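Single-letter residue listing:
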Amino acid sequence: MKYPDNIRDLVLLNPDYIGFIFYDKSKRFVAEIDEQTIKDIPSCIKKTGVFVDENASVILDYIKKYHLQAVQLHGSETSDTCLKIAESGVEVIKAFGVDEAFDFNQLLPYLDSVNYFLFDTKTKAHGGSGLTFNWQVLEKYTFSKPYFLSGGLGLENLDKVLAINDDRLYAVDLNSCFESEPAKKDIEKLKLAINKLRPILKETESMSYNVNEKGYYGDFGGAYIPEMLYPNVEHLRKEYLKIIYEPKFQEEFNQLLKDYVGRPSPLFLAERLSAKYGAKIYLKREDLNHTGAHKINNTIGQILLAERLGKKRIIAETGAGQHGVATATVCALKGLECVVYMGEIDIERQAPNVARMKMMGATVVPAISGSKTLKDATNEAMRDWINNPEDTHYIIGSVVGPHPYPDMVARFQSIISEETKWQLKEKTGSEYPDYVLACVGGGSNAIGMFYNFLDDEHVKLIAVEAAGLGVDSGESAATTALGREGVLHGSRSILMQTEDGQVTEPYSISAGLDYPGIGPQHAHLFKTKRAQYVSITDQESLDAGLLLAQTEGIIPAIESAHALAYLEKMKFKGNETVVVCLSGRGDKDLATYMKYFNL
Ligand SMILES: *Cc1c(COP(=O)(O)O)cnc(C)c1O
């Protein structure tokens, strides 16, 4: 690919890989492409550089410059060269031109240095010929390494591809037959091909940790909403990806994250804590963001989206007031009307946050029904949205709610792991830690922290829930330990409920974790065991907060202290790399710390 508009259209089809040819003799050579266009491709689509007999060091420079995740080598590169590139952490795909006389034994030296082979039609011009080869010769391929099939694949012969019965056939390379001119894809034609191929990709799809077209993560997700809300949610679903991957949007989003929020947030090696636990412990400092937590990443994204949808009025729900403050902040920044629904009891308990919202010009509306807390505030916000569908955007504060909210919020928060990867690479030489930990309320800081590591199964993901007074105490918010599958706030997930399906009132000392459910993506990560879900009590989290204050001079939010507390329960072999998401700062929790530690 080389044309920015064409790339953006392709991204919406959600292919697994997108290729860029950095070989100047190819008619598809990417001469002058704006770095940002490539960087802006979501990381669930692997950005792939294609090279022909290029120096390893030059390839490594390209990987760095364009954040490439895969490299396809189309010349006579040696297995040593492949290994050198693979060691940088990218996938290596080694291409071979195949004809009747091809000797598959020459692949032997590459088995330990590449991730995939690519079998293409043998030509002088290193691929892109539009010609197929006789696939029957693949019967002579006896190794177990999976491969890409390439060379003249078009709509006419896809049926034959589907008939190939070989588990090692991992991917198909759709290129010249889908072009309207070299390096320009015919998107409509590709759409037809992808629809045709999806059935065979089913097996791999069930292994995907990201959302599918219907808004599901495995069994979880979807949009369970009252009919009156359907037009709003449907409009959002149709538009959100298009809008957030527009270059102007990305430019403004990145600029605000940098100049207003203060990103990138530092990745800090906590040396005294590392010495105590016997591992290299890094803290991802979301606590240093403007307004003191990760929530602003999402509200910045959604306010830009709301502007582009032509909305003039913003509503939000808030429990402890943190999301309400982050929403009031961006509304002040953009001069939009802001209404925040908050339970009457929470308004009394969280006076400073109520004052902050009011000072920034927001209207705080008390929810006076039911238990007068977050659940009731959410109901009021929904009701408001139904009554004001034209001019109002509803900013949800975590990876919960009907599709597309969980996916949209995840994409805005994915900046956390995106930065972590390059920061780790700078500090340790590898993008991959051994463990990643984050606390889970609805789960947005955790998904942000996990997002770019989901497909790297050797990175262990640990999600820490709030056990409150203890998982079995009746006063807890440990959703995966206590919950069952059900529908809450517009999506199917896991939630705490009674025998007959009434949502149970959760409890945690930390207001941000005091939520009876988790986002649908978390439910999927839990069920597939991709992430491990554990819990930490009030007391354990307070102790961890005090420990961090005294060993590193950082007072964490009690939410974040839950993630830190789990370090105490882990056993390290020594020298492992651990990243903990420090989701917020502890200023808001001082009164609680004072009470518990008699300060
Ligand atoms: C709101 C909040 C949380 C919990 O929300 P998630 O969506 O689970 O991230 C965690 N930490 C802090 C500091 C918060 O403000």
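Residues numbered from 1 in each chain as written. Predicted model: local features only at pLDDT ≥ 70, side-chain atom pairs only at ≥ 80, totals over all residues. Heavy atoms only, no water.

Draft legend 1. Inspection of helix 19 (residues 520-527) at higher detail. Burial analysis of helix 19 places six of its eight residues in the buried class, which makes it a mostly covered element. Taken together, the buried positions of helix 19 are Pro520, Gln521, His522, Ala523, His524 and Leu525. The elements touched by buried residues of helix 19 are strand 10 (216-217), strand 11 (220-221), helix 15 (405-413), helix 17 (444-450), strand 21 (491-495) and strand 22 (531-537). (Buried < 20%, exposed > 50% of the residue type's maximum accessible area, 1.4 Å probe, protein only. Helix = DSSP H or I, 4+ residues; strand = E, 2+ residues; numbered from the N terminus. Contact = heavy atoms within 4.5 Å.)

Draft legend 2. Spatial organisation of the sheet that holds strand 12 (residues 267-269). Spatial strand order, 12-13-23-18-19-22: six strands in an open sheet with mixed pairing. Across the chains shown, the open sheet's two edge strands, defined by having one partner strand only, are strand 12 and strand 22. When the angles between neighbouring strand axes are averaged without regard to direction, this sheet yields 25 degrees. In this structure, strand 12 lies alongside strand 13 (residues 280-285), joined through three bridges in antiparallel fashion. The residue bridging leucine 269 from the neighbouring strand is tyrosine 282, located in strand 13. Here helix 16 (residues 415-428) sits on the sheet in contact with strand 12, strand 13 and strand 23 (577-582), set at roughly 140 degrees to strand 13. (Pairing = 2+ DSSP bridges. Axes fitted to C-alpha atoms, helices over the stretch in contact; angles between N-to-C directions.)

Draft legend 3. Region of the structure containing the site of the ligand. Neighbouring the ligand are 16 residues, the closest being Lys295, Ser398, Gly441, Gly443 and Ser444. Serine 583 has a polar side-chain atom sitting 2.8 Å from a nitrogen atom of the ligand. Here the ligand has 390 Å² of accessible area as a free molecule, and 97% of this is covered by the chains. Here the ligand is seated within the largest cavity. Among the residues making up the shell around the ligand, the classes are represented as three nonpolar, 11 polar and two charged. (Near = heavy atom within 4 Å. Polar contact = N/O pair within 3.5 Å; in protein donor to acceptor, adjacent residues only side chain to side chain. Areas by Shrake-Rupley, 256 points an atom, 1.4 Å probe, with all protein chains shown as cover. 1 Å grid on protein atoms, 1.4 Å probe; cavity = no way out; pocket = protein on both sides within 12 Å on 5 of 7 lines; lining within 4 Å. Sits in = over half its atoms within 2 Å of the grid points. Nonpolar A, V, L, I, M, F, W, Y, C, P; charged D, E, K, R; others polar.)

Draft legend 4. Geometry of the side chain of glutamine 322. Mapped onto the elements, glutamine 322 comes out in helix 11 (residues 322-334). Here glutamine 322 is in contact with Lys295, Asn353 and Lys588, once residues within four sequence places are set aside.

Draft legend 5. Up close: unusual backbone geometry. Cis peptide bonds are those with omega within 30 degrees of zero, and the linkage from arginine 263 to proline 264 qualifies with 0 degrees. Structurally, proline 264 is set in the loop between helix 8 (247-261) and strand 12. Phi angles above zero are rare outside glycine, and histidine 489 is one such case at about 45 degrees. Mapped onto the fold, histidine 489 is located in the loop between strand 20 (484-488) and strand 21. Even without being a glycine, lysine 529 presents a positive backbone phi close to 65 degrees. With respect to the helices and strands, lysine 529 occurs in the loop between helix 19 and strand 22.

Draft legend 6. Structural context of the packing of aromatic side chains. All told, the structure shown has 30 aromatic pairs when counted by the stated rule. An angle of 70 degrees between the planes, with centres 5.3 Å apart, marks the rings of tyrosine 17 and phenylalanine 148 as edge-to-face. Of the two residues, tyrosine 17 is situated in strand 1 (residues 17-21) and phenylalanine 148 in strand 6 (residues 147-149); the sequence distance between them amounts to 131 residues. With respect to class, tyrosine 17 is no different from phenylalanine 148; both count as buried. (Phe/Tyr/Trp six-rings, centres within 6.5 Å; stacked < 30°, edge-to-face > 60°.)

Draft legend 7. Up close: the side chain of threonine 48. The topology assignment puts threonine 48 in strand 2 (residues 46-51). Within the local environment of threonine 48, its side chain forms a polar contact with the backbone oxygen of lysine 46, the two atoms lying 3.1 Å apart. Discounting residues that sit within four places of it in the chain, threonine 48 has contacts with Tyr17, Ile18, Gly19, Phe20, Leu68, Ala70, Val71, Gln72 and Ile93.

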